[in-house]
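# Results of the structural survey
What follows is each chain in one-letter form.
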Amino acid sequence: MLITSAEVLVSSPGRNFVTLRLTTDDGVVGLGDATLNGRELAVVAYLAEHVVPLLIGKDAHRIEDMWQFLYRGAYWRRGPVTMASIAAVDTALWDIKARAAGMPLYQLLGGRSRTGALAYGHASGADLPELFDSVRDHLEQGFRAIRIQSGIPGLGTVYGVASSAADGAGRYDHEPARRSAAPVEEVWDTRAYLRHVPGVFEAVRGEFGAELPLLHDAHHRLTPIQAAKLGKSLEPFDLFWLEDVTPAENTAALRRVREHTTTPLAIGEVFNTIWDYRELFEEQLIDYVRSPVTHAGGITALRRILDYAGVYQIKSGVHGPTDISPVGLAASLHLGVAIPNFGIQEYMTHSAATDEVFRSQVRFEGGLLVPGEGPGLGVVYDDDVAAGHPYTAAYLPINRLSDGSMHDW
Ligand code: CS2
Ligand code: MG
């Protein structure tokens, strides 16, 4: 079964997506997600100029060999652009193999280990009343685990707070990438944040009780000792996890955090290879792996990472914001229902416009995400609808402190 066509598809139904579609000589089609929020065209160029020409005529069944060819053959290893490109090829080849076999992709990964993937949603609010409404909205949608993000008194827009409440379709969505010629600037104040967050979780626990799994994303902004302070201050509120407490390049920072707090830690949405995790796993510095199929080199690579994590009782906590396309979400779900060490799956529901371009069999039922039972990933890309949503430049915001110095967003 040889690859005869490789298309790099860019569309923007509400937000930008990059999708790779491979077709074989017997007409089997596979899809892969290559979306890298704010740097989409870099991946488009990498795929179109340096990968697609090498795919034509290759055997679509040789998934592992293709992965090694694209990883080792690039010479310049790792990095978000390279690994998103490899991920798209890898995912499309798994989709093709499962379609050719006439079975849902998870069957090729060892079959179901669970009925579905426990999902967590994104509740947010500029203040407690708005936050409580958002939590209630997500509970009504069926979520059984909820991420809590709040405005900070004295600050303007901060990460994770939906720019508007439900968009009329009852969907609280914090779409961070803004359509503009340059990133918007937000102002950050860590001390104000650290003073405010424990009170938010105390109020949420008081309103919604002790049982509901609550998550929080610090989004890379704290020093190690600030992260330790936050983790310790949140211990009374029994979080499911505290995410990205500190920039992930410095894995030694997490040794300091671990010394001070038992709040579970999740990291890795900006990681892109197994090498980023080695110290974190071997020193048990984290509890959940955040990498999604789309940014970690595909199903082949993420399965390897999660098998390695399982040796240390570390579980999956796969990244699933709206900038992971329905193709990427489906791929993470087929893996998530099959692996033994599944933890939780992020689910920030895509917009109706996105769902019209990507027709997916994924269902959200009783708080669980369930992949389709059709062959392959269970996603079809609608070119005609996609054509009505041309690419529009969009960037993630940047953060500055009040004195103007750059900070992590
Ligand atoms: C966030 C993401 O979902 C999360 O945990 O960290 O929304 C992140 O801000 C975006 O994926 C960046 O594109
Ligand atoms: Mg995050």
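All figures in this text were calculated on a predicted structure; none of them were measured in a lab.

Moving on to the site of ligand 1. Looking at ligand 1, there are 15 residues lining it, with N37, H219, E269, R290 and E346 nearest. Side-chain polar atom of Y159 to an oxygen atom of ligand 1: 3.2 Å apart, as the coordinates give it. In the model, an oxygen atom of ligand 1 is placed 3.2 Å from a nitrogen or oxygen of the H319 side chain. The fraction of the free accessible surface of ligand 1 (340 Å²) that becomes covered by protein chains is 95%. More than half of the atoms belonging to ligand 1 lie within 2 Å of the grid points that define the largest pocket. By residue class, the composition of the shell around ligand 1 is four nonpolar, four polar and seven charged.

Let us now look at empty space enclosed by the protein. The method is simple in principle: a probe with the dimensions of a water molecule rolls over the atoms, and the space it marks as empty is what remains. Inspection of the entire model under this criterion finds three cavities of 30 Å³ or more. Here the largest cavity is characterised by a volume of approximately 130 Å³. Every residue lining the largest cavity is counted, 18 residues in all, and those nearest its centre are Q149, S150, Y159, Y193 and H216. Among the elements of the structure, β5 (146-150), α6 (190-208) and β7 (214-217) are those that each provide at least two residues to the lining of the largest cavity. Broken down by element, the lining of the largest cavity gets its largest block of residues, five residues, from α6. Residues of the lining of the largest cavity, tallied by class, amount to 10 nonpolar, six polar and two charged.

All right, on to the domain arrangement of the chain then. For the chain, the assigned domains are domain 1 (3-108) and domain 2 (117-376). Spacing between the C-alpha centres of domain 1 and domain 2 amounts to 26 Å. In this assembly, 37 residues from domain 1 lie in contact with 41 residues from domain 2. When domain 1 packs against domain 2, close to 2,900 Å² is buried across both sides, 57% of that on carbon and sulfur atoms. Where domain 1 meets domain 2, there are two salt bridges. Our enumeration of links across domain 1 and domain 2 arrives at 18 residue pairs in polar contact (both at pLDDT 80 or more). Taken together, the elements giving at least two residues each to the side of domain 1 that touches domain 2 come down to β2 (17-24), β3 (29-33), α2 (63-73), α3 (80-101) and α4 (105-108). For the side of domain 1 that touches domain 2, the leading source of residues is α3, giving 11 residues. A class-by-class count of the residues in the side of domain 1 that touches domain 2 yields 19 nonpolar, 11 polar and seven charged.

Within the secondary structure, Q149 is located in strand β5. By relative accessible area, which is 3% here, Q149 ends up buried. Between the C-alpha atom of Q149 and that of V311, which follows or precedes it by 162 residues, the distance is 32 Å. Excluding residues within four positions of it along the chain, Q149 makes contact with A123, S124, G125, L131, Y159, G160, V161, H216 and D217. Of the polar contacts made by the side chain of Q149, one reaches the side chain of H216; its length is 3.3 Å.

Taking strand neighbours across the sheet as the criterion, the three strands line up as β1-β2-β3 in an open arrangement whose pairing is antiparallel. At either end of the open sheet lies a strand with only one pairing partner, and these are β1 (3-11) and β3. Neighbouring strand axes in the sheet, compared pairwise and without regard to direction, differ in orientation by 20° on average. Alignment of β1 against β2, held across eight bridges, turns out to be antiparallel. Looking across to β2, one finds that S5 is bridged to T23.

When pLDDT is averaged across the chain, the result is 95; 97% of the residues are at 70 or more. Scored below 50 in pLDDT, residues 165-170 makes six contacts in the model with residues more than four places away or belonging to other chains.

With their axes 7 Å apart at the nearest point, α3 and helix α10 (residues 299-310) run at an angle of 100° to one another. Classified by the interaxial angle, the pair formed by α3 and α10 is roughly perpendicular. Taken together, the residues of α10 that come into contact with α3 (itself represented by D90, T91 and W94) are I299, T300 and R303. Considering only residue class, the contact of α3 with α10 consists of two nonpolar, two polar and two charged.

Taken as a whole, the largest pocket spans an internal volume of roughly 1,100 Å³. For the largest pocket, the lining is made up of 41 residues, of which H220, E269, V270, L396 and W409 are closest to its centre. Sort the elements by how many residues they give to the lining of the largest pocket and helix α9 (residues 278-282) lands first, with three residues. Split into classes, the residues belonging to the lining of the largest pocket amount to 18 nonpolar, 10 polar and 13 charged. Lining the lining of the largest pocket are residues from two domains, each supplying at least three of them: domain 1 (3-108) and domain 2 (117-376).

Here is what the cut-offs are and how they apply
Residues numbered from 1 in each chain as written. Chains lettered and ligands numbered in written order. Predicted model: local features only at pLDDT ≥ 70, side-chain atom pairs only at ≥ 80, totals over all residues. Heavy atoms only, no water. Near = heavy atom within 4 Å. Polar contact = N/O pair within 3.5 Å; in protein donor to acceptor, adjacent residues only side chain to side chain. Areas by Shrake-Rupley, 256 points an atom, 1.4 Å probe, with all protein chains shown as cover. 1 Å grid on protein atoms, 1.4 Å probe; cavity = no way out; pocket = protein on both sides within 12 Å on 5 of 7 lines; lining within 4 Å. Sits in = over half its atoms within 2 Å of the grid points. Nonpolar A, V, L, I, M, F, W, Y, C, P; charged D, E, K, R; others polar. Points joined across faces, edges and corners; volume = space filled by probe spheres on them. Helix = DSSP H or I, 4+ residues; strand = E, 2+ residues; numbered from the N terminus. Domains from an automatic or database assignment. Contact = heavy atoms within 4.5 Å. Buried area = accessible area lost by both parts, 1.4 Å probe. Salt bridge = Lys/Arg side-chain N within 4 Å of Asp/Glu carboxyl O. Buried < 20%, exposed > 50% of the residue type's maximum accessible area, 1.4 Å probe, protein only. Pairing = 2+ DSSP bridges. Axes fitted to C-alpha atoms, helices over the stretch in contact; angles between N-to-C directions. pLDDT = per-residue confidence, 0-100. Parallel < 35°, antiparallel > 145°, perpendicular 65-115°, else oblique.

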